[in-house]
Structure formats: C-alpha cells, structure tokens
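Residues per chain, in single letters:
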Amino acid sequence: MTTERLRINGVELSYATYGDASAPPMVLMHGWGCTHKTVESIAQTAAQTHHVYSVDFPGFGDSQEPLQAWGTEEYTTLIELMCRELGIVEPVLAGHSFGGRVAITFASRNKVSKVILIDSAGVKPKRTADYYLRVYWFKFKKRILQLALGREKAAQVLDRLRAKAGSADYRNSSPMMRRILSRVVNEDLCHLMPLISAPTLLIWGSDDTATPLSDAQKMERLIPGSGLVNFPGASHYSFLDRPAQFAAVLRSFLNS
C-alpha cells in the first residue's frame, strides 16, 4: 500500500493504492466519518485481482476540507477529475454508505466495469410527522433568534443547538462538514439508479439501521440487472461484521 496526494480544483486529495498497477482499476470510497483505513480490508481483498485507488474524501482522513458546502455532485465531480488525471478508465466502483452515493452518481453518467454498493446511502429516508414537527419548530426558533441577535450571532447559537440535538456524525463534524452533511443526507438518488448499466452488486447487513435493508431492496428494483446479498445480523458495517463471507462474495463478483 502506498499513499499519494493530488491537487484537484484547489483541493488537496489523499488516496492510497493497493495491488499491481497493471491490474484492472478499482476506485474504493468510504462512508461518512471514515477514511480509506476503514475500508482497508475491502482494498486488500480486491487488490488480489485489481489495482485499488482508495480515496480519503475531502474533509476526511488526510484530504483537505472543502471550502464550500459540497453536495454529492461536487464529490462525484472530484472523483471524475481524479480518474481523468490518473488515467483511470472504466473502473470498478465500490462505495460504502456515503461513498455509495458517489458511486451511484458516477456510474449513472460514466462507463464503469462494475459497481459494488455496500450498505449504501442514496434512498431518501422516510420521515415521521414528529420529524417534520421538529424541523418546523427549529425553523421558527431560527427566525426568532435572527430577529433578536442578528444573523451572525444567531448562526453561532443555532450551530450549538444542532450539535447537541444532532447525530453522532453531526456532533463530530466541523462547522463546514456539518453543512455538507445537512445537504447530502436528504439527497434522493433514486432517479439516477435506472441509468446504471454496469453489473451491480448490493452487499448489506440485515440489521443495518443507518441505511436499512428496505433501501437495498428498492435499489435492486431500480438498478437493471442488479443483485443483492445480505448478511443476517450484520450492521451498517457488514464488511467488518462478516469479513470472511464478505471477502468471498467480493472475490466471486470481481472474478465473474
């Protein structure tokens, strides 16, 4: 494994490479709050047959944080430019969680060899009435604070309130990455899924609560010719919960 850096559109991108440089390429993308080290077991298995480029998304690992609040589109454009810069043609794409969002977007408009979505995000979460009530209440508080304190001070107070009430991912993020998370978490990519023409494998944990198995089943219906493998009792990190089974499935798909 070697770690390299690349500057694209003013952003310093760090990535690790595994395997024989002459082997077919694979781009591996981690989930939110993770780095290339989180998915290293996937890279090592894939490196038996492929040359793996495992990225640290901007804002994670050793890559520079974006200067603006990016969405999935901006992250995908970055990976497209990386592939162009490094001469990566028709790669296998593998994405876990947030990385799956980028894989879906990339594969919907570029030629790729295969797609592997691992406990992937991309289906808009179902929201309860309580959720919308909390959202409207927060917007009301935001308006009152802006009138009372001004926009700048109100933004500081609101950020502290979001940090207390938000998820662990939100609490552990910088102000810029919180803005990005708030933007991408509700992006629905279902309209892009039918545009994926490459063979696609969905690998899931049946007990995934972050991106539930019902999301995988919807993706399987929307992505032409896709197939789903789920590991009973595994979580959002199915590749860590079932390493031997995951490796076997991954090798079989890459060699097919």
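Residues numbered from 1 in each chain as written. Predicted model: local features only at pLDDT ≥ 70, side-chain atom pairs only at ≥ 80, totals over all residues. Heavy atoms only, no water.

A. Fine view of the overall build of the protein chain. A count of helices and strands for the protein chain gives 10 helices and eight strands. The buried share of the protein chain, taken over its 256 residues, is 48%. The contacts in the protein chain between residues at least 6 apart in sequence include a share of 69% that link residues at least 24 apart. (Helix = DSSP H or I, 4+ residues; strand = E, 2+ residues; numbered from the N terminus. Buried < 20%, exposed > 50% of the residue type's maximum accessible area, 1.4 Å probe, protein only. Contact = heavy atoms within 4.5 Å.)

B. Region of the structure containing the nonpolar core. Core analysis: the largest hydrophobic core is formed by 47 residues, its most contacted members being Met29, Phe57, Tyr75, Ile79, Met82 and Met219. Considering each element in turn, this core owes the most residues, six residues, to helix H3 (residues 98–107). If we ignore the near neighbours within four places in the chain, the residues touching Met219 are Ile104, Leu117, Ser120, Ala121, Gly122, Val123, Met193, Leu202, Trp204 and Ser226. Formed by 23 residues, the second largest nonpolar core is a distinct cluster that contains Ala16, Met26, Leu201 and Leu254. (Core = buried A, V, L, I, M, F, W, Y, C linked by side-chain atoms within 4.5 Å.)

C. Representation of unusual backbone geometry in the model. Positive phi, normally seen in glycine, also occurs at Glu90, with a value near 45°. You can see Glu90 is positioned in the loop between helix H2 (72–86) and strand S5 (92–96). Take Glu90: its relative accessible area is 42%, and that puts it in the partly exposed class. Phi is positive for Ser97, close to 55°, though the residue is something other than glycine. Overall, Ser97 belongs to the buried group, its relative accessible area being 12%.

D. Broad picture of the packing of aromatic side chains. In this structure the tally under the stated criterion is nine aromatic pairs. Three or more aromatic residues joined by ring pairs form one cluster here, namely Trp32, Phe57, Phe60, Trp70, Tyr75 and Phe98. Its guanidinium or amino end placed over the ring of Phe253, Lys114 lies 5.1 Å from that ring's centre, counting from NZ or CZ. (Phe/Tyr/Trp six-rings, centres within 6.5 Å; stacked < 30°, edge-to-face > 60°. Lys NZ or Arg CZ within 6 Å of the ring centre and 35° of its normal.)

E. Main features of the pairing of strand S4 (residues 51–56). Counting buried residues in S4 gives six out of six residues, a clear majority hidden from the surface. Relative to S4, strand S2 (residues 11–18) runs antiparallel, the two being bridged by five bridges. Counted as the bridge partner of Thr17 is Tyr53 from S4. The pairing of strand S3 (residues 25–29) with S4 spans five bridges and is classified as parallel. (Pairing = 2+ DSSP bridges.)

F. View of the packing of H2 against H3. Where H2 contacts H3, the two axes come as close as 9 Å, and the packing angle between them is 70°. What the angle tells us is that H2 and H3 run roughly perpendicular. Read as a crossing pair, H2 and H3 show a hand that is right-handed. When H2 is examined against H3, the residues Thr72, Glu73, Tyr75, Thr76, Ile79, Glu80 and Cys83 are found in contact with a partner set consisting of Phe98, Arg101, Val102, Thr105 and Phe106. When the residues that make up the contact of H2 with H3 are grouped by side-chain class, the tally is six nonpolar, three polar and three charged. (Axes fitted to C-alpha atoms, helices over the stretch in contact; angles between N-to-C directions. Parallel < 35°, antiparallel > 145°, perpendicular 65-115°, else oblique. Left-handed = near helix turned anticlockwise from the far one by under 90°. Nonpolar A, V, L, I, M, F, W, Y, C, P; charged D, E, K, R; others polar.)

G. Fine view of the sheet that holds S4. The strand order across the open sheet formed by eight strands is S1-S2-S4-S3-S5-S6-S7-S8, and the pairing between neighbours is mixed. Edge positions in the open sheet fall to strand S1 (2–8) and strand S8 (227–231), since each of these has one partner strand only. In this sheet, adjacent strand axes meet at a mean angle of 20° when their direction is disregarded. Contacts between H3 and the sheet are confined to S3, S5 and strand S6 (114–118), with S5 contributing the most and set at about 150° to the helix. Sheet strands in contact with helix H8 (residues 213–222) are S6, strand S7 (200–205) and S8, and its direction is about 165° off that of S7.

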